[in-house]
Amino acid sequence: MYTDEAGQRYSDPPYRQMTFNGITIEGFSRAAMQTYWRIPELKLGFDLGGQPWAFMGTPQWFISHTHMDHLLALPAYVARRRMMKMEPPKIYLPAHAVTRVRQLLDIFTRLDHGRLPCELIGVRPGEEYELSREHVVTVVQTDHSIPSVGYVVWERRKRLKPEYQSLSEKEIRQLAITGHQVSAEHRFPRVAYLGDSTPYGLDDNPDMYKADILILEVSFIAKRHRTEKIYRRGHIHLDDIINRRDRFHNGLIVASHFSTRCTDREIERIVRRRVPDMFDDRLVLWF
């Protein structure tokens with residue numbers, strides 16, 4: 001729900017919120033329905049399957065793939081920002097999809113008779129994008145039924161090189177003035193976003209296992225869900241997570257994108273029976 005200036009309340013796509021180590025996660029994800037996440041402190045979001053009104057102010061979004069439940073709200077989001085006289089947003093998405101998504105926005109422009117100004121930036125695995133002096137985003141290859149990528153947000157800090165740590169501030173300053181690189185950049189993975197993928201999207205990108213916060217899909221959790229079909233559709237089963245328990249060094253693991261074939265109550269019951277300690281309370285089920 002959101003409230004306008006006159007106090008009128010309107011329904012809004014659902015989302016929940018959680019804060020961990022100074023990072024806020026907001027969003028919702030259910031397979032074949034809607035997926036959308038945002039990190040307010042980093043001024044970015046992941047996927048646009050829905051668009052709560054409060055998310056409109058976030059100026060840049062990183063799209064994992066072009067299934068409708070991850071992209072459907074893009075035209076509405078861009079239109080809202082234009083209506084509210086905000087700067088055109090930046091939309092990062094798999095490079096192969098840029099032309100088609102531009103065509104899609106052009107069609108909505110013709111239908112709506114309203115401009116949809118935004119910057120579409122095609123991304124490829126291995127590329128890096130700067131968010132600020134403190135944060136960068138890297139693009140990783142994932143494994144889904146259509147081309148897809150994931151993202152890792154890194155915090156970077158400058159630290160004095162070991163060979164200069166015994167020097168005085170004056171000596172260090174003099175070396176810097178004369179062109180010496182007295183410090184080196186150190187990076188820490190803060191947030192990893194898998195999107196839709198088989199577990200190989202994790203295995204092929206070990207930095208995801210090291211991020212403070214990992215947002216991943218666990219679409220299927222019941223024994224009746226057959227692994228070969230799950231992998232063919234590009235998804236993960238709860239067994240895949242349990243079998244990789246020792247690899248997860250994350251402080252928080254957000255499990256989401258559950259199949260609509262299971263109710264929230266059924267998901268909770270099955271997961272807590274299979275993982276009673278919830279990975280030492282690091283595993284959160286996101287409904």
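Here the structure is a predicted model, which is why all the values come from computation and not from measurement. (Residues numbered from 1 in each chain as written. Predicted model: local features only at pLDDT ≥ 70, side-chain atom pairs only at ≥ 80, totals over all residues. Heavy atoms only, no water.)

*Asks:* An account of the layout of surface pockets is requested, with residue identities and associated values reported.
*Replies:* There is about 210 Å³ of room inside the largest pocket. Together, 13 residues line the largest pocket, and Ala31, Ala32, Asp69, His235 and His257 are the ones closest to its centre. Among the residues making up the lining of the largest pocket, the classes are represented as three nonpolar, seven polar and three charged. (1 Å grid on protein atoms, 1.4 Å probe; cavity = no way out; pocket = protein on both sides within 12 Å on 5 of 7 lines; lining within 4 Å. Points joined across faces, edges and corners; volume = space filled by probe spheres on them. Nonpolar A, V, L, I, M, F, W, Y, C, P; charged D, E, K, R; others polar.)

*Asks:* Kindly report on the side chain of Arg156, identifying the contributing residues and their values.
*Replies:* By the element assignment, Arg156 lies in strand S12 (residues 149-160). The class for Arg156 is buried, based on a relative accessible area of 15%. Of note is the side chain of Arg156, whose polar atom sits 2.5 Å from the side chain of Glu130. Apart from the residues within four sequence positions on either side, Arg156 is in contact with Glu130, Ser132, Arg133, Glu134, His135, Val136, Glu185, His186 and Arg187. (Helix = DSSP H or I, 4+ residues; strand = E, 2+ residues; numbered from the N terminus. Buried < 20%, exposed > 50% of the residue type's maximum accessible area, 1.4 Å probe, protein only. Polar contact = N/O pair within 3.5 Å; in protein donor to acceptor, adjacent residues only side chain to side chain. Contact = heavy atoms within 4.5 Å.)

*Asks:* Report on the sheet that holds strand S7 (residues 60-62), specifying residues and quantitative values.
*Replies:* One open sheet accounts for seven strands, arranged S3-S4-S5-S6-S7-S8-S9; its pairing is mixed. The outermost strands of the open sheet, each flanked by one partner alone, are strand S3 (16-20) and strand S9 (119-123). The average undirected angle you get between the axes of adjacent strands in this sheet is 25 degrees. Relative to strand S4 (residues 23-30), S3 runs antiparallel, the two sharing five bridges. Within S4, the position partnered with Met18 by the bridge is Ile25. (Pairing = 2+ DSSP bridges. Axes fitted to C-alpha atoms, helices over the stretch in contact; angles between N-to-C directions.)

*Asks:* Go over unusual backbone geometry, please, and point to the residues and values.
*Replies:* Phi at Ala32 is positive, roughly 70 degrees, even though this residue is not glycine. Mapped onto the secondary structure, Ala32 falls in the loop between S4 and strand S5 (34-39). Classification of Ala32 by relative accessible area gives exposed; the value is 68%. If you check the backbone angles, Asp280 has positive phi at about 55 degrees while not being a glycine. Note that Asp280 resides in helix H8 (residues 278-281).

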